[in-house]
Amino acid sequence: MSLRYTAPAVVLHWLIAGLIFIAFPLGVYMSDLPLSPTRLQLYSYHKWIGISVLLLVGLRIVWRLTHRPPALPDDLPRWQRAASHAVHGLLYLLILAVPLTGWLMSSAKGFQTVWFGVLPLPDLVEKNRELGQVLGNAHQFLNYLLLALVILHVVAALKHHFHERRPFLQRMGLGK
Amino acid sequence: MMLKSLTLLAALTLAPAAHAIEYRSVVPAQSRIGFEFEQMGVKIPGHFRRFTAQMAFDPAKPQSAQATLEIDLASIDAGSPEADEESAGKLWFNRTAFPKARFVSSQVRALGNNRFELRGTLMLKGKARPMVIPVSFVPGKTTAFFDGSFVLKRLDFGIGEGMWADVETVANEVTVKFRIAATGK
Ligand code: HEM
């Protein structure tokens, strides 16, 4: 069995990672700006990128449900195996929940999402200021949870690769 | 309430010996002045909560109809608290200097089928611009409705100056949609 993820999984992984890497700091930066055309533009770009992540993670989950990831090394300690599964499962959940709460919040605050200014998405809930606040807090909280897990995920991969000298980065398409 | 009873009083004292129904008393609770604009391609609905209107409309003599409308700009719902606050500023309504919008009719023309063309002047932020507004008259037992919608260009009135003049972010066109309820004598 191959020790690498298949090409579609690799492409989706890095596309999603790259878009989150843009959407996250953009979200932090834009929400502190005073109201201006720039702020409105950045909010739109943030929402378009976020919805793209939602679409891509949907595809990634379809891939995952129809494929087995490459096996982990036999000698990897049991607890690390369990931790790896748990973190990967949570990452899928959060990468779904973060854009979903963003979409829900925008609906509740009364701002529809029109993907790339072209495709109007349905509002998921009625306009409701209080609900909008709650969903905004949820979006923020889940984002920081996601950040913590991503750091853990990256540190673990780097540790396996460099410290334990296992070809871990190759699993996700890096190097030969 | 106060205003309502005042207009009612005015209607009662001013109404000529009733021949046909003349609509003179606006019912604020059943009236609505809304608008919609586009921001980054997203439609944002809003409305004004407070306005006063005087009118006289006799369906038998539409050409002599009259209407005056005054909108309290502080009563805006522009879609979000941030936008409400922003709209008061100098670049938008400049509300300390110009707290109200005012429409005064000059001419009403019947188009048939209970449809009318209302001409008049809209005064907003110190600028007066002529307007042509299509209105449908919806008769009722005691209350009749005057419905209409038209598009105005915010930049004609200097609404959204400076950095906000860029119509790619906030569109120039604002669709105004209204329903004025009135009772007659
Ligand atoms: C991968 C997807 C996404 C990531 C990583 C992300 C990340 C973030 C972050 C870090 C913030 C700043 C939170 C704070 O500190 O207040 C934020 C704010 C925001 N996000 Fe997202 N987001 C994503 C998707 C979405 C989507 C799909 C939407 C809407 C369709 C959205 C709408 C918003 C809005 C409106 C805010 C500002 C809230 C406010 O004004 O306080 N986000 N996002």
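In this text the structure is predicted, and so the values were computed from the model without any measurement.

## A word on the overall build of chain B
Item 1. Each helix and strand in chain B was counted, giving two helices and eleven strands.
Item 2. Tracing chain B from N to C terminus, the helices and strands come up as α-β-β-β-β-β-β-α-β-β-β-β-β.
Item 3. For chain B, with 185 residues in total, the buried portion stands at 44%.
Item 4. Summarising the internal contacts of chain B: among those between residues at least 6 apart in sequence, 58% fall at separations of at least 24.
Item 5. Working note: accessible area of chain B is about 9,800 Å², and carbon and sulfur atoms make up 57% of it.

## Here's the deal with the packing of helix α1 (residues 7-30) of chain A against helix α4 (residues 129-163) of chain A
All names here are of chain A.
Item 1. Two numbers describe how α1 lies on α4: the axes approach to 12 Å, and their chain directions differ by 135°. The angle between α1 and α4 places the two elements in the oblique class. For the pair α1 and α4, the crossing hand works out as left-handed. Residues His13, Ile20, Phe24 and Val28 of α1 pack against Asn143, Tyr144, Leu146, Leu147 and His153 of α4.
Item 2. A class-by-class count of the residues in the contact of α1 with α4 yields six nonpolar, three polar and no charged.

## So, the site of the ligand
All names here are of chain A.
Item 1. Taken together, 24 residues lie around the ligand, and Tyr43, His46, His139, Gln140 and Asn143 are the ones closest in.
Item 2. In this structure, a nitrogen atom belonging to the ligand sits 2.8 Å away from a side-chain N or O atom of His139.
Item 3. Counting only elements with at least two residues in the shell around the ligand, the list comes to α1, α2 (37-66), α3 (78-108) and α4.
Item 4. Classifying every residue of the shell around the ligand gives 13 nonpolar, ten polar and one charged.

## Quick notes on α1 of chain A
Residue and element names in this part refer to chain A.
Item 1. With 24 residues, α1 ought to run about 34 Å at 1.5 Å a step, and its terminal C-alpha atoms sit 34 Å apart, in line with that.
Item 2. Taken as a whole, α1 has its buried residues at Ala9, Val10, Leu12, His13, Ile16, Leu19, Ala23, Phe24, Leu26, Gly27 and Met30.
Item 3. Among the structural elements, α2, α3, α4 and α5 (168-171) are those in contact with the buried residues of α1.

## A word on the coordination of the iron atom of the ligand
Residue and element names in this part refer to chain A.
Item 1. Protein coordination at the iron atom of the ligand comes from His46 (NE2) and His139 (NE2), with a distance range of 2.0 to 2.1 Å.
Item 2. Around the iron atom of the ligand, the six donor atoms sit at angles spanning 88 to 179°, and that spread fits a shape best called octahedral. On the criterion of sequence distance, the pair formed by His46 in helix α2 and His139 in helix α4 is long-range, its members being 93 residues apart. His139 carries the same exposure label as His46, and that label is buried.

## Some remarks on the confidence of the model for chain B
Residue and element names in this part refer to chain B.
Item 1. Overall, the prediction assigns chain B a mean pLDDT of 91, with 89% of residues at 70 or greater.
Item 2. Taking the mean pLDDT of every element in chain B, the minimum, 56, falls on helix α1 (residues 2-14) and the maximum, 98, on strand β6 (residues 76-77).
Item 3. For this predicted complex, the interface confidence reaches an ipTM of 0.87, while the overall pTM sits at 0.89.

## Examining unusual backbone geometry
Item 1. Positive phi outside glycine occurs at Arg165 of chain A, with the angle close to 55°.
Item 2. Position of Arg165 of chain A among the secondary structure elements: in the loop between α4 and α5.
Item 3. Its identity as a non-glycine residue notwithstanding, Asn114 of chain B has a phi of 65°, on the positive side.
Item 4. Inspection of the secondary structure puts Asn114 of chain B in the loop between β7 (100-112) and β8 (115-124).
Item 5. The partly exposed category is assigned to Asn114 of chain B, whose relative accessible area is 36%.

## Here's the deal with the interface of chain B and chain A
Many authors give the size of an interface as the accessible area that is lost as the parts come together.
Item 1. Each partner contributes residues to the interface: chain B has 16 residues there, and chain A has 14 residues.
Item 2. Taken over both partners, the interface formed by chain B and chain A buries close to 1,300 Å², and the fraction arising from carbon and sulfur atoms is 66%.
Item 3. If you look at where chain B meets chain A, you find zero salt bridges.
Item 4. Taken together, chain B and chain A are joined by two residue pairs in polar contact (both at pLDDT 80 or more).

## Considerations on a nonpolar patch on the surface
All names here are of chain A.
Item 1. Taken together, the side chains of Val28, Tyr144, Leu147, Ile151 and Val155 present a nonpolar region at the surface, about 420 Å² in accessible area.
Item 2. If one sorts the elements of the nonpolar patch by residue count, α4 sits on top with four residues.
Item 3. Within the secondary structure, Val155 is located in helix α4.

## Considering the environment of Met105 of chain A
Residue and element names in this part refer to chain A.
Item 1. The topology assignment puts Met105 in helix α3.
Item 2. Residue classification places Met105 among the buried positions, given a relative accessible area of 14%.
Item 3. Expressed as a C-alpha distance, the spacing of Met105 and Leu135, which sit 30 residues apart in the sequence, is 5.0 Å.
Item 4. Other than its neighbours up to four places away in sequence, Met105 contacts Gly132, Leu135, Gly136 and His139.

Reading guide: rules and limits
What you see as residue numbers is a count from 1 along each chain, following the sequence as written. Chain A is the first chain written and ligand 1 is the first ligand written, with later ones labelled in order. A pLDDT threshold of at least 70 governs which residues receive local features in this predicted model, and a stricter bar of 80 or more applies before side-chain atom pairs are shown or counted, although totals over entire chains, interfaces and linings include all residues. Water and hydrogen atoms were dropped before computing side-chain values, which therefore reflect all heavy atoms in the structure. Labels follow the DSSP assignment, with helices taken as runs of H or I lasting at least four residues and strands as runs of E lasting at least two, numbered in each case from the N terminus. Buried means the residue's accessible area, taken with a 1.4 Å probe over protein chains only, is under 20% of the maximum for its type, while exposed means over 50%, and partly exposed covers the values in between. The contact criterion used is simple: two residues touch if any of their non-hydrogen atoms lie within 4.5 Å. Here the accessible surface of atoms and residues is derived via Shrake-Rupley with a 1.4 Å probe, and residues count as covered only by protein chains that are part of the display. Only the stretch in contact is used when fitting a helix axis, every axis being a line fitted to C-alpha atoms; angles between N-to-C directions are given from 0 to 180 degrees. Roughly parallel means an angle under 35 degrees; roughly antiparallel, over 145; roughly perpendicular, 65 to 115; everything else is oblique. Left-handed describes a crossing whose near helix is turned anticlockwise from the far helix through less than a right angle; right-handed describes the clockwise counterpart. Each residue is assigned to one of three groups, with Ala, Val, Leu, Ile, Met, Phe, Trp, Tyr, Cys and Pro labelled nonpolar, Asp, Glu, Lys and Arg labelled charged, and all others, Gly among them, labelled polar. Whether a residue is near a molecule or strand depends on its heavy atoms: it is near if one of them lies within 4 Å of it. Polar contacts, as counted here, are pairs of nitrogen or oxygen atoms within 3.5 Å of one another; within protein the pair requires one atom able to donate a hydrogen and one able to accept it, and residues that are adjacent in sequence qualify only if both atoms are side-chain atoms. Given the number of residues in a helix, its expected span is that number minus one, multiplied by 1.5 Å. Atoms of type N, O and S within 2.8 Å of a metal are treated as its donors, and for Na, K and Ca the window is 3.2 Å; water is not considered, so some sites may appear to be missing partners. The rule is simple: four donors are tetrahedral if all their angles sit between 85 and 135 degrees, four are square planar and six octahedral if opposite donors span more than 155 degrees and the others lie between 65 and 115, and anything that fits none of that is irregular. A residue's pLDDT is simply how confident the predictor is in it, with values from 0 to 100. Two parts lose some accessible area (1.4 Å probe) when they are put together, and adding that loss for both gives the buried area. By salt bridge we mean one thing: a side-chain nitrogen of Lys or Arg within 4 Å of a carboxyl oxygen of Asp or Glu. The patches reported here contain residues having more than 30% relative accessible area and no salt bridge. Joining distances are 9 Å for like charges and 5 Å for nonpolar side chains (Val, Leu, Ile, Met, Phe, Trp, Tyr).

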